[in-house]
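Survey of secondary and tertiary structure
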Amino acid sequence: MSTPNPDIRVIPDLTFIVANREDLEKPYRVIVENDDVTPMDFVVMVLRLFFGLALDDAMQVMLVAHNQGRALVTTMPFEEAQERVYSAHTVAREEGYPLTFYLEPDV
């Protein structure tokens with residue numbers, strides 16, 4: 001496909017934001033969202049395995065998410081939180097579950 005006027009160039013409007021080390025070390029909250037598919041015991045296992053929660057804490061977080069739609073899992077530096085969320089999502093998808101975590105700045 002050719003353009004009608006080859007002298008016209010489209011330049012996308014992109015903005016790059018470079019985060020400095022200080023921003024990456026700021027604490028972020030890891031939030032788990034409830035869904036109607038992922039079994040509760042699987043959620044507890046993921047919370048224990050990837051976020052280091054004790055059994056009672058993992059069960060409490062899972063129940064809060066189940067009853068309120070979301071729950072705070074933990075707070076940690078951005079890069080560490082991102083890696084753990086990625087690992088948790090990977091295992092959940094491999095098992096066919098839509099278990100979802102997201103990050104938000106801890107302000």
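Residues numbered from 1 in each chain as written. Predicted model: local features only at pLDDT ≥ 70, side-chain atom pairs only at ≥ 80, totals over all residues. Heavy atoms only, no water.

1. Let's talk about helix H4 (residues 78–94)
Under the convention used in this document: The numbering of helices and of strands both runs from the N terminus, where a helix is a DSSP run of H or I of at least 4 residues and a strand a run of E of at least 2. Multiplying 1.5 Å by the helix residue count minus one yields the expected span of that helix. Burial classes: relative accessible area under 20% of the type maximum marks a residue as buried, over 50% as exposed, and values in between as partly exposed (1.4 Å probe, protein chains only). By arc we mean the arc of the directions from the helix axis to the C-beta atoms, nothing more. Throughout, a contact is declared for two residues whenever any of their heavy atoms are within 4.5 Å.
With 17 residues, H4 extends 24 Å between its outermost C-alpha atoms, agreeing within 8% with the 24 Å of an ideal straight helix rising 1.5 Å per residue. For H4, every residue scored as buried is listed here: Ala-81, Val-85, Ala-88, His-89 and Ala-92. For H4, the arc enclosing every buried residue in end-on projection is 100°, short of the 170-degree limit, so these residues lie on one face. Those residues of H4 that are exposed and angled more than 90 degrees off the buried face are Glu-83, Tyr-86 and Glu-94. Close packing links the buried residues of H4 with strand S1 (27–33), helix H2 (40–51), strand S2 (70–77) and strand S3 (100–105). Positive backbone phi, at 85°, marks Gly-96, one or two positions downstream of H4.

2. Things to note about the pattern of salt bridges
For the record, the criterion: What makes a salt bridge here is a side-chain nitrogen of Lys or Arg within 4 Å of a carboxyl oxygen of Asp or Glu, nothing more.
Across all of its chains, the model carries four salt bridges by this definition. Taking the shortest distance from any N to any O, the salt bridge between Glu-104 and Arg-29 comes out at 3.4 Å. Of this pair, Glu-104 sits in strand S3 while Arg-29 sits in strand S1, placing them 75 residues apart in sequence. Taking the relative accessible area as the measure of exposure, Glu-104 reaches 17% and is therefore buried. Its salt-bridge partner being Glu-104, residue Arg-70 comes within 3.7 Å of it at the nearest N-O pair. One end of the pair, Arg-70, is in strand S2; the other, Glu-104, is in strand S3, with 34 residues separating them in the sequence. Exposure remark for Arg-70: the relative accessible area of 39% places this residue in the partly exposed category.

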